Amino acid sequence: ECFQCPPPPAACESIKSFRAEIQSQIENLASSRFLRKVRDGKGQMSDYHTLLSTLFHQTYSGPYTFALAAAHCSWRHERIKEYLLQHAEEERTHWRWVLDDLTSTGYAGPNLRASLPHPTTQAYISFNESTAQRHPFARLAIACVLEGIGAHYGQSEVRQLLGKLGLSPKQATFFVSHGETDKVHAEELFEVISSSDLTDDDWTIMAHTARVAGTLYRSMYDHEGYA
């Protein structure tokens with residue numbers, strides 16, 4: 001399957017290799033500390049609150065790094081440039097889902113809007129900002145990793161955690177909503193990327209960016225807060 005990739009045929013192979021890298025990063029998250037606890041039936045409300053708190057600043061900053069990437073993106077990548085801006089708008093208020101889920105599950109920790117990111121979150125945000133300015137087209141490679149993760153885990157592990165904690169889907173809107181929408185977004189992203197004018201060097205950057213993004217994102221699910 002070529003995913004509507006343009007000639008030459010080598011571009012199809014680049015897309016397939018890139019897609020394989022994305023899949024590898026999605027699967028790699030399964031062995032993270034947080035998801036292991038969920039699968040083992042040991043997930044607690046504190047783990048849920050820790051994860052949401054860790055992800056908050058990433059979710060808050062994400063749309064702005066999409067917009068930053070759009071501003072820096074060359075018109076040679078016109079379709080990517082336009083999609084970056086569109087995606088920024090789509091993701092703009094998702095951080096509110098995090099706060100809503102925390103409030104509805106009795107979170108009594110610090111005000112996240114007035115706090116600083118966890119070190120693992122800060123590393124991920126910084127990578128997003130660096131990519132948006134140095135290789136803005138590759139900001140979509142990061143998006144592919146996250147949308148793929150949301151689509152893959154949003155219905156399975158999240159449902160297990162909800163059952164363990166006795167929560168309703170309305171108390172996990174961040175994960176449940178992404179589990180539903182990210183499947184569509186993932187395919188949209190691949191279609192946009194495959195129809196764009198990317199060189200061999202661009203594809204190398206895309207794969208590297210996806211690999212780093214997956215590694216840094218996993219660290220947010222893997223830190224000492226879930227011990």
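Just above, that's the structure.
Residues numbered from 1 in each chain as written. Predicted model: local features only at pLDDT ≥ 70, side-chain atom pairs only at ≥ 80, totals over all residues. Heavy atoms only, no water.

A. Structural detail: the overall build of the protein. Looking only at helices and strands, the protein has ten helices and zero strands in total. Sequence-ordered secondary structure for the protein, helices as α and strands as β, is α-α-α-α-α-α-α-α-α-α. Relative to a compact globule of 227 residues, whose C-alpha radius of gyration would be 17 Å, the protein shows 17 Å and is just as compact. Projecting the C-alpha coordinates of the protein onto the three principal axes gives extents of approximately 55 × 35 × 30 Å. Counting across all 227 residues of the protein, residues that qualify as buried make up 52%. The long-range fraction of contacts in the protein, counting pairs at least 24 apart against all pairs at least 6 apart in sequence, stands at 81%. For the protein, the accessible surface area stands at approximately 10,300 Å², while carbon and sulfur atoms represent 54% of it. (Helix = DSSP H or I, 4+ residues; strand = E, 2+ residues; numbered from the N terminus. Rg over C-alpha atoms; globule rule 2.2 N^0.38 Å. Buried < 20%, exposed > 50% of the residue type's maximum accessible area, 1.4 Å probe, protein only. Contact = heavy atoms within 4.5 Å. Areas by Shrake-Rupley, 256 points an atom, 1.4 Å probe, with all protein chains shown as cover.)

B. Broad picture of the environment of G109. Locating G109 in the fold gives a position in the loop between α5 (95-104) and α6 (119-134). Separated by 115 residues in the primary sequence, G109 and E224 have C-alpha atoms spaced 17 Å apart.

C. The arrangement of the nonpolar core in detail. If you look at the biggest cluster of nonpolar residues, it comprises 61 residues, and the most contacted ones within it are F18, L140, F175, M206, Y217 and Y221. Sort the elements by how many residues they give to this core and helix α7 (residues 139-153) lands first, with nine residues. Those residues within four positions of F175 in sequence are excluded, and the remaining contacts are Y48, L51, L52, L55, G154, V158 and Y221. (Core = buried A, V, L, I, M, F, W, Y, C linked by side-chain atoms within 4.5 Å.)

D. Seen up close, the packing of aromatic side chains. Under the defined criterion, the tally for this structure stands at twelve aromatic pairs. Ring plane angle 50 degrees and centroid distance 5.3 Å describe the contact between Y217 and Y221, whose orientation is recorded as tilted. Residue Y217 shares its accessibility class with Y221, and that shared class is buried. Feature note: the residues F34, Y124, Y217, Y221 and Y226 constitute an aromatic cluster, connected by ring pairs. Cation over ring: K81 sits above W75, and NZ or CZ is 5.0 Å from the ring centre. Between the NZ or CZ atom of R139 and the centre of the ring of F66, over which it lies, the distance is 3.9 Å. (Phe/Tyr/Trp six-rings, centres within 6.5 Å; stacked < 30°, edge-to-face > 60°. Lys NZ or Arg CZ within 6 Å of the ring centre and 35° of its normal.)

E. Structural context of the state of the cysteines. As enumerated under the stated definition, the model contains zero disulfides in all. Distance from the sulfur of C73, which forms no disulfide, to the nearest cysteine sulfur (C144) is 14 Å. Using a relative accessible area of 4% as the deciding quantity, one classes C73 as buried. (Disulfide = S-S within 2.5 Å.)

F. Seen up close, the side chain of T105. Tracing the chain through its elements places T105 in the loop between α5 and α6. On the basis of relative accessibility, which here comes to 11%, the residue T105 falls in the buried class. At a separation of 2.7 Å, a polar atom in the side chain of T105 contacts the main-chain carbonyl oxygen of D101. Once you skip the residues sitting within four places of it in the chain, T105 turns out to touch M45, Y48, H49, L167 and Q171. (Polar contact = N/O pair within 3.5 Å; in protein donor to acceptor, adjacent residues only side chain to side chain.)

G. Quick look at the side chain of Q58. With respect to the helices and strands, the residue Q58 is situated in helix α3 (residues 45-72). Not counting residues within four places of it along the chain, the set of residues in contact with Q58 comprises T121, Y124, I125, L146, Y217 and M220.

H. Representation of the pattern of salt bridges in the model. Considering all chains together, one arrives at nine salt bridges under this definition. Taking the shortest distance from any N to any O, the salt bridge between K16 and E13 comes out at 4.0 Å. Highlighted residues: K16 and E13, both in helix α1 (residues 10-28), separated by three residues, approximately one helical turn. What makes K16 partly exposed here is its relative accessible area of 35%. Each of R76, D197 and D202 takes part in a single network of salt bridges with overlapping partners. (Salt bridge = Lys/Arg side-chain N within 4 Å of Asp/Glu carboxyl O.)

All we've got here are geometric facts, nothing functional implied.
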